[in-house]
Amino acid sequence: MACQHEREIRIIITGKTGSGKSSLGNALLRKKIFKTGCLSTSITKKCLCHTERLNGHRITVTDTPGLCDTNDSNAEQLVQQEQMLAKQKRDREASRVKEEQAKRVREEHEEYIKKKNDELKKAEKELQERIKRDSEQKKRNWNMKEKRVKIN
């Protein structure tokens, strides 16, 4: 889940076989995540997705098999890419729901804390008033005792 101040960037790399899609993905992520090589056939056989946190950004890069690959039909590749996009959409929706739930829980918690603080302030005020009344009553009782002693 991305935090509130974290920006999320999603990149899907497509292109012809051997055009450097995996190398670009690795460069964007600043890690060797996707397998690369110097071949005329596709090294990436399935859509691969990886997420990294860089400079306060959550970056998700999806590497896809090359278009016009000699081993796979373009239709198969497009189906794979569509499946990856659908998965990412579900993941985004789940993330959004989690963020909404977290926000609701935070708001409920803040409301509960405010209510308890208000109750505490009220109880403290009542206690101070009671202490003041008791103190005044003790003072009156003391004064009455002094008056009785003086009279006797």
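Scroll up to find the structure this text is about.
Residues numbered from 1 in each chain as written. Predicted model: local features only at pLDDT ≥ 70, side-chain atom pairs only at ≥ 80, totals over all residues. Heavy atoms only, no water.

Quick look at the pattern of salt bridges
- Scanning all chains against the criterion turns up seven salt bridges.
- Of the charged contacts, one joins Lys31 and Glu52 as a salt bridge, the two residues approaching to 3.2 Å between their closest N and O atoms. Pair noted here: Lys31 is in the loop between α1 (21-29) and β2 (48-54) and Glu52 is in strand β2, with a separation of 21 residues, a long-range link.
- Using a relative accessible area of 42% as the deciding quantity, one classes Lys31 as partly exposed.
- Salt-bridge contacts for Glu93 lead to Arg96; the nearest nitrogen and oxygen are separated by 2.4 Å. In this pair, Glu93 and Arg96 are both assigned in helix α2 (residues 74-151), three residues apart and thus about one turn of the helix distant. (Salt bridge = Lys/Arg side-chain N within 4 Å of Asp/Glu carboxyl O. Helix = DSSP H or I, 4+ residues; strand = E, 2+ residues; numbered from the N terminus. Buried < 20%, exposed > 50% of the residue type's maximum accessible area, 1.4 Å probe, protein only.)

Comments concerning the sheet that holds β2
- Ordered by their spatial adjacency, three strands build an open sheet running β1-β3-β2, and the pairing between neighbours is mixed. One side of each edge strand has no neighbouring strand; the edge strands of this open sheet are β1 (7-13) and β2. If you compare each strand with its neighbour and ignore which way they point, the axes differ by 15° on average.
- Where β2 and strand β3 (residues 57-63) come together, seven bridges link them in antiparallel fashion. Residue Thr51 lies in a different strand from β3, and its bridge partner there is Thr60.
- Contacts from α1 reach β1, β2 and β3 within the one sheet, and its direction differs from that of β3 by about 170°. (Pairing = 2+ DSSP bridges. Axes fitted to C-alpha atoms, helices over the stretch in contact; angles between N-to-C directions. Contact = heavy atoms within 4.5 Å.)

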